[in-house]
Every structure is written in structure tokens, then in C-alpha cells.
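If you want the building blocks of each chain, they are given just below.
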Amino acid sequence: MARRIDVTGADGVRLAAWEFGDPAKAGAAPEEGSTPDAPGVLLLHGLMGRASHWASTARRLSARHRAVALDQRGHGRSEKPPEGAFTRDAYVDDAEAALEQLGLAPAVLIGHAMGALTAWQLAAKRPDLVRGLVICDMRASALGGASQREWAEWFASWPVPFATLADVRKWFGEDDPWVERPNPARGEFYVEVMAESPDGWRPVFDPDQMLRSRETWVYDAHWEELAQVRCPALVVRGLDGELGRAEAQEMVRVLPRGQYAEVSDAGHLVHYDQPEAWLTAIEPFLDSLAGD
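Within each chain, residues carry numbers counting from 1 in the order of the written sequence. Residues qualify for local features only when their pLDDT is at least 70, as the model is predicted, and side-chain atom pairs are given and counted only at 80 or more; totals for whole chains, interfaces and linings, by contrast, use all residues. Hydrogens are left out, water is left out, and the side-chain values use all remaining heavy atoms of the structure.

Chemist: Is there a simple way to explain the overall build of the protein in this structure?
Modeler: A helix here means a DSSP run of H or I that spans at least four residues, while a strand means a run of E at least two residues long, and both kinds are numbered starting from the N terminus. Counting its regular elements, the protein contains 11 helices and 10 strands. Note that the radius of gyration is over C-alpha atoms, with the globule rule given as 2.2 Å times the number of residues to the power 0.38. For 292 residues, the compact-globule estimate of 2.2 N^0.38 gives 19 Å, and the C-alpha radius of gyration of the protein, at 18 Å, lies within 12% of that figure. Judged by the C-alpha coordinates and their principal axes, the protein covers about 50 × 50 × 40 Å. By residue count, 54% of the 292 residues in the protein fall in the buried class. Across the protein, every contact between residues at least 6 apart in sequence was considered, and the portion connecting residues at least 24 apart equals 72%. Under the convention used here, a 1.4 Å probe and the Shrake-Rupley method define accessible areas, while residue burial counts only the protein chains that appear. In the structure as shown, the protein presents an accessible area of about 12600 Å², 49% of it carried by carbon and sulfur atoms. When charges are tallied, Lys and Arg are placed among the positive residues and Asp and Glu among the negative ones, while His and the ends of the chain are skipped. Charge coordinates come from a single atom per side chain, which is NZ of Lys, CZ of Arg, CG of Asp or CD of Glu. Taking the average location of the 30 positive side-chain charges in the protein and that of its 45 negative ones, the two points are 2 Å from each other. Accessible area is worked out with a 1.4 Å probe on protein chains only. A residue is then buried under 20% of its type maximum, exposed over 50%, and partly exposed in between. Should any heavy atoms of two residues lie within 4.5 Å, those residues are counted as being in contact.

Chemist: Any chance you could explain the packing of helix 4 (residues 145–157) against helix 7 (residues 207–214) here in plain terms?
Modeler: For any two helices packed against each other, one specifies the crossing angle of their axes together with the interaxial distance. Only the contacting stretch of a helix is used when fitting its axis, a line to C-alpha atoms as for every element, and angles between N-to-C directions run 0 to 180 degrees. Contact geometry of helix 4 with helix 7 gives a least axis separation of 11 Å together with a crossing angle of 170°. Relative to helix 7, the element helix 4 is oriented roughly antiparallel. Counted together, S147, Q148, W151, A152 and F155 of helix 4 and P207, M210, L211 and R214 of helix 7 form the full contact between these two elements. Oblique is the label for any angle not covered by the other classes, which are roughly parallel (under 35 degrees), roughly antiparallel (over 145) and roughly perpendicular (65 to 115).

Chemist: Please clarify how the confidence of the model for the protein should be interpreted in this entry.
Modeler: Interpretation of the predicted coordinates at a detailed level should be avoided for regions scoring low in pLDDT. pLDDT is a per-residue confidence score from the predictor, ranging from 0 to 100. Across the protein, pLDDT averages 94, with 94% of residues at or above 70. Predicted confidence for residues 23–34 stays below pLDDT 50, and this span has 4 contacts to residues more than four positions away or in other chains.

Chemist: Got a minute to help me understand the packing of helix 2 (residues 88–102) against helix 3 (residues 114–125) in this structure?
Modeler: At a minimum axis separation of 9 Å, helix 2 and helix 3 run at an interaxial angle of 70°. As summarised for this structure, helix 2 and helix 3 are arranged roughly perpendicular, according to the angle between their axes. Residue-level inspection shows R88, Y91, V92, D93, A95, E96 and L99 of helix 2 in contact with helix 3, the latter providing M114, L117, T118, Q121, L122 and K125. Amino acid classes used here: Ala, Val, Leu, Ile, Met, Phe, Trp, Tyr, Cys and Pro are nonpolar; Asp, Glu, Lys and Arg are charged; the rest, including Gly, are polar. The residue inventory of the contact of helix 2 with helix 3, partitioned by class, reads 7 nonpolar, 2 polar and 4 charged.

Chemist: Help me understand helix 9 (residues 245–254) in this model?
Modeler: The α-helix winds at 3.6 residues per turn, so residues separated by three or four positions along the chain end up facing the same way. Those residues of helix 9 not exposed but buried are E247, A248, M251, V252 and V254. Considered in projection along helix 9, the buried side chains sweep an arc of 165° and stay on one side of the axis. Within helix 9, the exposed residues directed more than 90 degrees away from the buried face are A246 and R253. The elements touched by buried residues of helix 9 are helix 3, strand 6 (130–136), helix 8 (223–227), strand 9 (233–238) and strand 10 (258–263). Taken from the helix axis, the directions to the C-beta atoms give the arc we talk about.

Chemist: Help me out: how do you make sense of the nonpolar core in this one?
Modeler: Soluble, globular proteins show a tendency: their nonpolar side chains are buried together. L42, M48, W120, L133, I135 and W158 are the most contacted members of the largest nonpolar core, which has 69 residues in total. Beyond its immediate stretch of four places on either side in the chain, M48 contacts H75, W151, W154, F155, W158, Y190, V193, F205 and M210. Nine residue types can take part in a nonpolar core, namely buried Ala, Val, Leu, Ile, Met, Phe, Trp, Tyr and Cys, and a core is a set of them joined through side-chain atoms within 4.5 Å. If you look at the next biggest cluster of nonpolar residues, it comprises 29 residues, including A16, V108, A261 and L286.

Chemist: So what exactly am I meant to see when it comes to the pattern of salt bridges here?
Modeler: Any two side chains of opposite charge can pair, so long as their charged atoms come close to each other. Salt bridges are counted wherever a side-chain nitrogen of Lys or Arg sits within 4 Å of a carboxyl oxygen of Asp or Glu. Tallying each qualifying case throughout the model produces 22 salt bridges. Across the salt bridge formed by R186 and D176, the nearest N and O atoms sit 3.0 Å from each other. Of this pair, R186 sits in helix 6 (residues 184–191) while D176 sits in the loop between helix 5 (165–175) and helix 6, and the two are 10 residues apart along the sequence. On the basis of relative accessible area, R186 is assigned to the buried category, the value being 12%. A single salt-bridge network, built from bridges that share partners, covers D93, E96, E100, K125, R126 and D128.

Chemist: How should the packing of aromatic side chains be read in this particular structure?
Modeler: Each aromatic ring pair is summarised here by two numbers: the centre-to-centre distance and the angle between the ring planes. Aromatic pairs are defined between Phe, Tyr and Trp rings, using the six-membered ring for Trp, whenever the two ring centres lie within 6.5 Å; interplanar angles under 30 degrees are classed as stacked, those over 60 as edge-to-face, and all others as tilted. This model, assessed by the stated rule, comprises 18 aromatic pairs. Centre to centre, the rings of W54 and W278 are 6.1 Å apart; their planes meet at 35°, and the pair counts as tilted. Of the two residues, W54 sits in the loop between strand 3 (40–44) and helix 1 (55–61) while W278 sits in helix 11 (residues 275–288), which places them 224 residues apart along the sequence. We classify W54 as buried; its relative accessible area is 0%. According to the relative accessible area criterion, W278 is buried, its value standing at 0%.

Chemist: So what exactly am I meant to see when it comes to unusual backbone geometry here?
Modeler: Most of the time, phi is negative for any residue but glycine, and the peptide bond is trans. Between A105 and P106 the backbone carries a cis peptide bond, its omega angle lying at -10°. Structurally, the position occupied by P106 is in the loop between helix 2 and strand 5 (107–112). Its identity as a non-glycine residue notwithstanding, D11 has a phi of 60°, on the positive side. Structurally, D11 is set in the loop between strand 1 (2–8) and strand 2 (14–20). When its relative accessible area of 70% is taken as the criterion, D11 is described as exposed. In this structure, D265 takes a positive phi of about 55° despite not being glycine. Along the polypeptide, D265 turns up in the loop between strand 10 and helix 10 (270–273).

This is how it looks when you write it as C-alpha cells:
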């Protein structure tokens, strides 16, 4: 079960947050199916993602935590203002607003890719709001202009509109030139970010807004913010993900209280490729924060 909670982000942007938990038992009072006093966890998806991508993780964590996933600006059910700010500050300020308005702090932030960068930048900015940090497959080094051009070309290659969701699954799971071998989980990941329109299935986000978001971090390195994170932090990488082992281990070294975990048979979408192995990697870390 997921309950929507509206949040007001930076500059008044309307954001959708989703609190996950198992359905209450028949006949139970509403409050019996919730955990308002449990430790807070805020889950932040990556570029193009949405809160629902965290569903399996959030439901598992909801047994002992108040688990909330945020649709970040430009994503999912959150507002996508045509002239809105898609800067690093805007994303960080949105996450800060979510923690405060939802009463989650001090919370554990769990972020994937862009969401992980937002998480560690917020942890550096507002240590009082963050008691733990999980960084999933996000690089701290600068990626550069070539990377941004590759992404622009990739978006242009999408055969939109897709006639059916089966076509979405096949293209992103098999036919996409970025796919080295068939990956059904990747196809399902992209099915979740499509919506039906009169001419077929199109992404729920604006690719131009995604590129605007991305260009605010790819030209810079982010080691300095990592060094400013004071809470315990776990760096998780997929064995075949975008974050290499050497860089991940250097991130752990730079983090004052860093730890490392690796998930085999997983690519960039670690929590989606191998959900059980992902949970096995993060749960001991989350348990260790109970007495921190």
C-alpha cells in the first residue's frame, strides 16, 4: 500500500511523496497500519525514475521504518514547470523540504544515481536532518561534455511514441543500443515511466528537462561534498554498474564514516536488477544505525 502525501518544494513546486507500508489488517484502525514514530527513511530515485521504483525496498523497510519515496521535480506525479529550476540547489532544497514537512528527520537518505548525489549534498548541507546515507551507483567524478552529448543523442534515438508497453519492454530491455545483453528488469523499469497518450506511449517526463537537470552535475566533481558528510554512509555499486570499484572505494575513503557494499549480477539499476541482494547489502547498515 502506498499513500500519497503532497509536499511543497523550492519555489512552490508541487511534489508528490509516497509513504509505503503493508495494508492494515481488516478491522484495524487507520493508525494501526502506520508507524509514525519509527525512524524515517527518504528514498530518492535517479534521473528519469519515480518513487514507485522504490516500492519493493520501501515496503520491506516499512516494517521497522517510516519509509517515504519522493517523486522529484520533473518526475513521476510531481510538477514539471516548463520554466522551472532544475538545478542542484533546487533538488537539494526539495529533499530538505520533504524531510521537514513530513517530519522524517533525522532520517536515513537512500539515493540512486542522481538521487544519491542529492542525498549526499543534503547530508553535507544539513547534517542535523540526516542520520545515515546510502549511495547507490553514483559517481563523484566529473563526467564531462562528451557524456552529456551522448545522453542527448540517446534521447533522440528513442522510437517514441511506442505503440504498446510490450514495445517499451523490448526496446529498453533488448533493442536499445546501450543494452549489452537482454535485460528484462531494465525494460520493466522504463515501462513504469511511460504514460499512454493519444498517439501511443510516451515518457512521463520531458527529456529536455532531464538534460537540463543532468547538465548541472556532469561538468563538476563532487568529492568536496562527500568529505563534508558526517553521518555513517554506505556506498553500493552493481558489479556491472556505472560506478567502478576503484572510484567507489575512493568515495568510501573520502567519506569520514564510509562503508562499501557490492551487488553481483547487477548493473546500474541495482535495486531493480537484484532487489533481494540489494536489500541484503543495505539492511545490516540500516540496522547498525539503530544505536548511532
